[in-house]
Amino acid sequence: MPSRRITIVQQNDSHGYLWSHPELFWAAPSPSFKQGIGGFAKTAHVVKELRKRENVLFVDGGDVFHGTGPVVLSQGAVVPPLLKAMDIDVMVPGNWDFAYGPEKLLQLILESDVLALASNVRDSHGNLFLPPYIVMDLGEIRMGLIGLTYSEESQSMPKKFSQGLTFDIDLEQVSQAVSHLRENDKAEIVIVLSHMGLPIDLQLARDVPNIDIILSAHSHDRLHRLMKVNGTLVMQSGANGSFLGILSFTVNSQGRIDDIEHQLLTLEHVDDDKNVADLLRQLLEPYQESMEEPIGQLGTPLHRMTVLEAPMDDVITDAYLAYSEADIAFSHGWRYGAPIVPGVFTQGDLYGMLPTNPELFSTELDAATLHDFLEKNLENVFASNPFDQKGGYVVRSAGLIMAFRSYNPKGHRIEYLAVNNQEVKMHKTYRVVSAGPQGLKGIDVPRHSLNIKAHDVLRDYFKRHKPVTVSNSHRVIAL
């Protein structure tokens, strides 16, 4: 085994998809869907085989303890035994990993027997929530690892996620950590484990010198080729446990990275590790019957792989609108959720779409407030400064048509806005329905609970539409 050569294996943003599932792949003239992709048993097999012949650092990029029915219903408890069995070396928590509160996250990390890093999270006393960085020796290479989690946790996620914690991104502190690792701890290479998203990580590489590798996560980018900025290699490896990023390199006598090989491996034609597969079946058994409960029939594939609008969210907002008879329905622009293919739609699929099962509410927005809300959302998605980008994709909607220019300045992107197929008039007020603490986030208006949760609304929608289908009509148009 070459002692000066190592391999980094990265999984990120698995969002509770511990088993094989459908996945979307881009192809002309339209996306295609393949069954049986991903799963922790496949991941474990790949890593175990690599470790037989190579020095391997196995890294999780976060958002692993939340996202599917068994994971959410157990408050993440089904995940740690698997992470332990997979022998993950180090992780950075993602924004959804805080969903059960900070203390629960610490418990999940401890039970996973994994080292977790986050240099930008502190408690109310100013103490670090997790170790900021660590030095590890792999083979004959001394590595410094720094953790950076999602810096907008307390602003963008429900308050209970980050209760008692503060999140930030201080580039000077990151630079000092890099210098400390190199000068004091004699690290030959410095690696940042980031859950801040690819645009921010690329800017981080521009702003902070002497980082060798950034293992990026959060934005679900499938990088088939490494990116290089300011001498820093940047890697991100998709989502849903469907892919592994595999990066191999040698550190030469001058301490520089040489002989780089990178692969984004699709976990498709890969054997299962028997021990992990058996453990997974055991952990999922208590949830299997309820997750397989049929809800209805699905006639078109659902996914969240597109920025402006997506069929999975079209179904959600259509159901909200049909239930409430409001003028407009909104749902947050989430990225999580593996594709769902036509056929029997189950309760497990419902959890995959909406793991939080938020409660619906209604409110009224005048045209000016509606316009301002949408402009702010577009800024969160398309801000020219990556550090001003917050949250996921463009807010999802039904009953609304919006045309905009992404490159226009803040507050001036929307060129056309219509509700109920009529152009919005500034004197009008519109009834709006949304759900949960992330629905209409940032608008201070009275909210009236509809005393029903999203899962029940979707169940009713599937009962009344056999099958449920999504049209190709465009609700949000980039000019």
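Everything in this summary refers to the structure shown in the same document. Throughout this description, residue numbers start from 1 for each chain and increase along the sequence as written. In keeping with the model being predicted, local features are shown solely for residues with a pLDDT of at least 70 and side-chain atom pairs are shown and tallied solely at 80 or more, while totals for entire chains, interfaces and linings include all residues. Note: side-chain values were computed over all heavy atoms of the structure, leaving out hydrogens and water.

Here's the deal with the overall build of the chain
So, point 1. Note on conventions: DSSP H or I runs of at least 4 residues are helices, E runs of at least 2 residues are strands, and numbering of each starts at the N terminus. Counting its secondary structure elements, the chain contains 12 helices and 27 strands.
So, point 2. Two things to know: the radius of gyration comes from C-alpha atoms, and the globule rule equals 2.2 Å times the number of residues to the power 0.38. For 479 residues, the compact-globule formula gives about 23 Å, and the C-alpha radius of gyration of the chain, at 23 Å, lands near that figure.
So, point 3. Projecting the C-alpha coordinates of the chain onto the three principal axes gives extents of approximately 70 × 50 × 50 Å.
So, point 4. Accessibility here uses a 1.4 Å probe with only protein chains present; expressed as a share of the type maximum, an area under 20% marks a residue as buried, one over 50% as exposed, and anything in between as partly exposed. Classification of the 479 residues of the chain by burial places 58% in the buried group.
So, point 5. To measure how exposed things are, a 1.4 Å probe is used in the Shrake-Rupley method; for residues, cover is taken only from the protein chains shown. Element-wise, carbon and sulfur atoms account for 48% of the exposed surface of the chain, whose accessible area totals about 19600 Å².
So, point 6. Treating the 42 positive side-chain charges of the chain as one cloud and the 58 negative ones as another, the clouds have centres 2 Å apart. In this tally Asp and Glu are treated as negative and Lys and Arg as positive; neither His nor the chain ends contributes. A charge is said to be at NZ when it belongs to Lys, at CZ for Arg, at CG for Asp and at CD for Glu.

Side note on the sheet that holds strand 13 (residues 227-229)
So, point 1. Here, any two strands with at least 2 DSSP bridges between them count as paired. Strand order across the open sheet formed by 6 strands is 8-9-11-12-14-13, with mixed pairing between neighbours. Both outer strands of the open sheet, strand 8 (133-138) and strand 13, are each paired with one neighbouring strand and no more. Shown here is a sheet whose adjacent strand axes are inclined to one another by a mean of 25°, direction ignored.
So, point 2. Along the sheet face, helix 6 (residues 171-183) touches strand 8, strand 9 (141-148) and strand 11 (189-194) and points at about 165° away from the line of strand 9.
So, point 3. Packing against the sheet, helix 7 (residues 198-207) makes contact with strand 9, strand 11, strand 12 (213-215), strand 13 and strand 14 (232-235), and its axis sits at approximately 40° to strand 13. Fitted lines through C-alpha atoms serve as axes, helices being fitted only where they are in contact, and the angles separating the N-to-C directions of these axes extend from 0 to 180 degrees. The contact rule is simple, with two residues in contact once any of their heavy atoms fall within 4.5 Å.

Examining the packing of aromatic side chains
So, point 1. Ring geometry is summarised as follows: Phe, Tyr and Trp rings, the Trp one being its six-membered ring, pair when their centres sit within 6.5 Å, and such pairs are stacked at plane angles under 30 degrees, edge-to-face over 60 and tilted between the two. Applying the stated criterion across every chain, the model contains 10 aromatic pairs.
So, point 2. Pairing Phe25 with Phe243 gives two aromatic rings, centres 6.1 Å apart and planes at 70°, and the pair type is edge-to-face. Of this pair, Phe25 sits in strand 2 (residues 21-25) while Phe243 sits in strand 15 (residues 243-251), and the two are 218 residues apart along the sequence. Summarising the burial analysis for this pair, Phe25 and Phe243 share the class buried.
So, point 3. When the centroid spacing of 5.5 Å and the interplanar angle of 35° are considered together, the rings of Phe382 and Phe404 count as tilted. Note that Phe382 is positioned in helix 11 (residues 367-382) and Phe404 in strand 22 (residues 400-404), a separation of 22 residues in sequence.
So, point 4. Residue classification places Phe404 among the buried positions, given a relative accessible area of 0%.

Here we look at the pattern of salt bridges
So, point 1. Salt bridges are defined by distance alone: a side-chain nitrogen of Lys or Arg within 4 Å of a carboxyl oxygen of Asp or Glu. Enumeration according to the criterion identifies 23 salt bridges in this entry.
So, point 2. Residues Arg222 and Glu23 are paired through a salt bridge, measuring 3.2 Å at the closest nitrogen-oxygen approach. Note that Arg222 is positioned in the loop between strand 12 and strand 13 and Glu23 in strand 2, a separation of 199 residues in sequence.
So, point 3. For Asp87, the salt bridge goes to Arg51, with nearest N and O atoms at 3.5 Å. Placement of the pair is Asp87 in the loop between helix 3 (80-86) and strand 5 (90-91) and Arg51 in helix 1 (residues 40-51), with a sequence separation of 36 residues.
So, point 4. Judged by its relative accessible area of 24%, Arg51 is partly exposed.

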